[in-house]
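Descriptive analysis of the structure
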Amino acid sequence: MKIHHYDHIYSKGLPGLVQLAGILNLLVEEYLPEISDFFAMEGLKPDIVANKWFLTLFGCALPIDIVTSIWDRFLVDSWEVTLRVALSLLEISQDIILNSKFENVFSMFDNPPVLVTAESIATVSRRYQISQVIK
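Below, the structure is looked at part by part. Computed from a prediction, not measured in an experiment: that's the story for all the values here.

With that settled, the discussion passes to the overall build of the protein chain. When helices and strands are counted, the protein chain shows nine helices and zero strands. Helices and strands appear in the protein chain in the N-to-C order α-α-α-α-α-α-α-α-α. Restricting to contacts in the protein chain with at least 6 residues of sequence separation, those with at least 24 account for 71%. Surface exposure of the protein chain reaches about 7300 Å², of which carbon and sulfur atoms provide 58%.

Viewed as axis vectors pointing N to C, helix H2 (residues 15-31) and helix H3 (residues 33-40) meet at an angle of 120°, and their least axial separation amounts to 5 Å. Viewed along their axes, H2 and H3 adopt a mutual orientation that is oblique. Across the interface between the two elements, Val28, Glu29, Glu30 and Tyr31 of H2 pack against Pro33, Ile35 and Ser36 of H3. Split by residue class, the contact of H2 with H3 holds four nonpolar, one polar and two charged.

About the criteria used
Residues numbered from 1 in each chain as written. Predicted model: local features only at pLDDT ≥ 70, side-chain atom pairs only at ≥ 80, totals over all residues. Heavy atoms only, no water. Helix = DSSP H or I, 4+ residues; strand = E, 2+ residues; numbered from the N terminus. Contact = heavy atoms within 4.5 Å. Areas by Shrake-Rupley, 256 points an atom, 1.4 Å probe, with all protein chains shown as cover. Axes fitted to C-alpha atoms, helices over the stretch in contact; angles between N-to-C directions. Parallel < 35°, antiparallel > 145°, perpendicular 65-115°, else oblique. Nonpolar A, V, L, I, M, F, W, Y, C, P; charged D, E, K, R; others polar.

What follows is the structure in structure tokens.
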């Protein structure tokens, strides 16, 4: 089991959140360049939708059955799983994101598309080999 470093994520100034957000932005640039470009056109980065995911471990955005499976993986893989799930949510929703008005993207992540299931997240998240990035 990995060390979770909650204190680093939630301490004053949220330094761990800032670090996770920066890593996510780099990963989205690498793995999902169209989504990265979509946010860049608005002068933003993908972490703008993911910060609340990280702070609540997805409890704010996904149904409880999906959240509990993410939390199970979190206990084993620590913060790495949050990055994989965030990338998976963006990838699964990519077509919807790219065909939406930017202002609608934020509300979409409060109520994710039907395509987002525990199985789809698990399948997609296995594609991302990111453990070396967060060490």
